[in-house]
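Residue-level structural notes
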Amino acid sequence: MKRIAFPLIALLFVLVSGCKKDDAGSGTDPFGGGGGGGGGVTFQVTVVRDQQNQPFFQFTPSTPVTVTQVTATLQGAQPNVLNGDGTTVYSAQNPFVIGPVTGLAAGQQWSFVIQGKIGNAQGAAYNVTTNFVVP
């Protein structure tokens, strides 16, 4: 699985440091879809685990896209902006992940605003809001 590196990823997870850790969820139950202005792009969000059993958010786009920015918000907390490279193309066969997520707990309500271009770096812009409840 390919991982995308976001320079501010650590800030996202500081938000949830006070939450209890819940490793019971399989992370295969996505909630939410896309929002307006997405150019027909939607994202399926799941929680996946690496070989050390650390959780990551995985984003599977409905069509190939690049990612320039992800704004992640845990309900009741300040949003965090994560920057993508804007050139790597992600698809259903090549989703992107962010993490590891510390303090992830069942029932947490997350909102992700994902921005980028459809197809490649020269494609049409999209701006999609996807909501996710941790199973």
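All values derive from a computational prediction rather than experimental measurement. (Residues numbered from 1 in each chain as written. Predicted model: local features only at pLDDT ≥ 70, side-chain atom pairs only at ≥ 80, totals over all residues. Heavy atoms only, no water.)

Structural notes on the overall build of the protein
Across its full length, the protein holds one helix and seven strands. For the protein, the N- to C-terminal ordering of α and β elements is α-β-β-β-β-β-β-β. Within the protein, the proportion of its 135 residues that are buried is 41%. Across the protein, contacts joining residues at least 24 apart in sequence account for 66% of those joining residues at least 6 apart. Put simply, the protein shows about 6400 Å² of open surface, and 52% of that area lies on carbon and sulfur atoms. (Helix = DSSP H or I, 4+ residues; strand = E, 2+ residues; numbered from the N terminus. Buried < 20%, exposed > 50% of the residue type's maximum accessible area, 1.4 Å probe, protein only. Contact = heavy atoms within 4.5 Å. Areas by Shrake-Rupley, 256 points an atom, 1.4 Å probe, with all protein chains shown as cover.)

Let's talk about the confidence of the model for the protein
When pLDDT is averaged across the protein, the result is 79; 73% of the residues are at 70 or more. Of the regions scoring below 50 in pLDDT, residues 1–36 engages in 89 contacts with residues more than four places distant in sequence or in other chains. (pLDDT = per-residue confidence, 0-100.)

A closer look at the sheet that holds strand 4 (residues 80–83)
Pairing in this open sheet of four strands is antiparallel, and the strands run 4-3-6-7 from one edge to the other. This sheet does not close on itself; its edge strands, each paired only once, are strand 4 and strand 7 (125–133). Neighbouring strand axes in the sheet, compared pairwise and without regard to direction, differ in orientation by 20 degrees on average. Of the pairings in the sheet, the one linking strand 3 (residues 69–74) to strand 6 (residues 109–117) comprises six bridges and is antiparallel in character. Bridge assignment links Val-70 to a residue of strand 6, and that residue is Ile-114. (Pairing = 2+ DSSP bridges. Axes fitted to C-alpha atoms, helices over the stretch in contact; angles between N-to-C directions.)

Comments concerning the side chain of Thr-71
Structurally, the position occupied by Thr-71 is in strand 3. In this structure Thr-71 touches Pro-79, Asn-80, Val-81, Ser-111, Phe-112 and Val-113, once residues within four positions along its chain are discounted.

Details of the sheet that holds strand 1 (residues 43–49)
Strand order in the open sheet formed by three strands is 1-2-5, with antiparallel pairing between adjacent strands. Lying at the two open borders of the sheet, with one neighbouring strand each, are strand 1 and strand 5 (96–98). With strand direction ignored, the average angle separating the axes of adjacent strands in the sheet is 30 degrees.

So, the environment of Gly-39
Here Gly-39 is to be found in the loop between helix 1 (9–14) and strand 1. Judged by relative accessible area, Gly-39 falls into the exposed class, the value being 58%. On a C-alpha basis, the gap between Gly-39 and Ile-118 in space is 8.0 Å, while along the polypeptide they are 79 residues apart.

With respect to the nonpolar core
Ranked by size, the top nonpolar core spans 24 residues in total, and within it Phe-43, Phe-57, Phe-59, Phe-112 and Ile-114 carry the most contacts. Elements supplying a minimum of two residues to this core: strand 1, strand 2 (55–61), strand 3, strand 5, strand 6 and strand 7. Excluding residues that lie within four positions of it along the chain, Phe-112 makes contacts with Val-45, Phe-57, Phe-59, Val-70, Thr-71, Ala-72, Ile-98, Val-128, Thr-129, Thr-130 and Phe-132. (Core = buried A, V, L, I, M, F, W, Y, C linked by side-chain atoms within 4.5 Å.)

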